[in-house]
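# Tertiary structure, described
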Amino acid sequence: MASGKKTKTEENREFNQDWTESFAFICNTYGLLTCLICHEKLAHNEKSNLERHFTTKHAQFTGKYPTGDARKKAAEELQKTTVKLHAK
């Protein structure tokens, strides 16, 4: 009964690159989701967890960078900063 299809739940537990722009999260080298704003790590790779963290702790980010190019650029800059911090 091993089919190649993934259930919706399994799809939501794989890191989606769009989550970097939408919720300012990356998947670190250990497979943990890391917030680019506060560097908090989430153990469960689920979209709902990212969304809850982002909306409750970083509401000002949403106001300052609405969806679109502005948010994409802000997420890219945060990602560059995070990479530089961890490279030291």
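Everything in this summary refers to the structure shown in the same document. Given the structure is predicted, the values throughout are model-derived calculations rather than measurements. (Residues numbered from 1 in each chain as written. Predicted model: local features only at pLDDT ≥ 70, side-chain atom pairs only at ≥ 80, totals over all residues. Heavy atoms only, no water.)

What follows is about the overall build of the chain. When its secondary structure is counted, the chain shows five helices and three strands. Taken from N to C terminus, the helices and strands of the chain fall in the order α-α-β-β-β-α-α-α. Scored against the burial criterion, the 88 residues of the chain give a buried share of 26%. The long-range fraction of contacts in the chain, counting pairs at least 24 apart against all pairs at least 6 apart in sequence, stands at 38%. When the accessible area of the chain is evaluated, it comes to approximately 6,400 Å², of which 53% is carbon and sulfur surface. (Helix = DSSP H or I, 4+ residues; strand = E, 2+ residues; numbered from the N terminus. Buried < 20%, exposed > 50% of the residue type's maximum accessible area, 1.4 Å probe, protein only. Contact = heavy atoms within 4.5 Å. Areas by Shrake-Rupley, 256 points an atom, 1.4 Å probe, with all protein chains shown as cover.)

In the structure shown here, the tally under the stated rule is two salt bridges. With a shortest N-O distance of 3.0 Å, Glu 40 and Lys 57 are connected by a salt bridge. Of the two residues, Glu 40 is situated in the loop between strand 2 (33-35) and strand 3 (41-42) and Lys 57 in helix 3 (residues 47-57); the sequence distance between them amounts to 17 residues. Look at Glu 40 and you get partly exposed, because its relative accessible area is 30%. The partner of Glu 77 in a salt bridge is Lys 80, and the shortest N-O contact between them spans 3.7 Å. Taken together, the residues span about one helical turn, with Glu 77 and Lys 80 both in helix 5 (residues 69-87) at a distance of three residues. (Salt bridge = Lys/Arg side-chain N within 4 Å of Asp/Glu carboxyl O.)

Next up on the list: the side chain of His 58. Positionally, His 58 belongs in the loop between helix 3 and helix 4 (59-64). Here the side chain of His 58 touches His 53 through a polar contact of 3.2 Å, side chain to side chain. In contact with His 58, not counting residues within four places along its chain, are Cys 35, Ile 37, Cys 38 and His 53. (Polar contact = N/O pair within 3.5 Å; in protein donor to acceptor, adjacent residues only side chain to side chain.)

Let's shift gears to the packing of aromatic side chains. Tallied over the full model, the rule gives four aromatic pairs. Aromatic pair Phe 15 and Trp 19: ring centres 5.7 Å apart, planes at 90 degrees, arrangement edge-to-face. Ring geometry for Phe 61 and Tyr 65: centres 5.0 Å apart, planes at 50 degrees, overall tilted. For Phe 61, a relative accessible area of 9% gives the class buried. Judged by relative accessible area, Tyr 65 falls into the partly exposed class, the value being 25%. Through a chain of ring-to-ring contacts, the aromatic side chains of Phe 23, Phe 54, Phe 61 and Tyr 65 assemble into a single cluster. (Phe/Tyr/Trp six-rings, centres within 6.5 Å; stacked < 30°, edge-to-face > 60°.)

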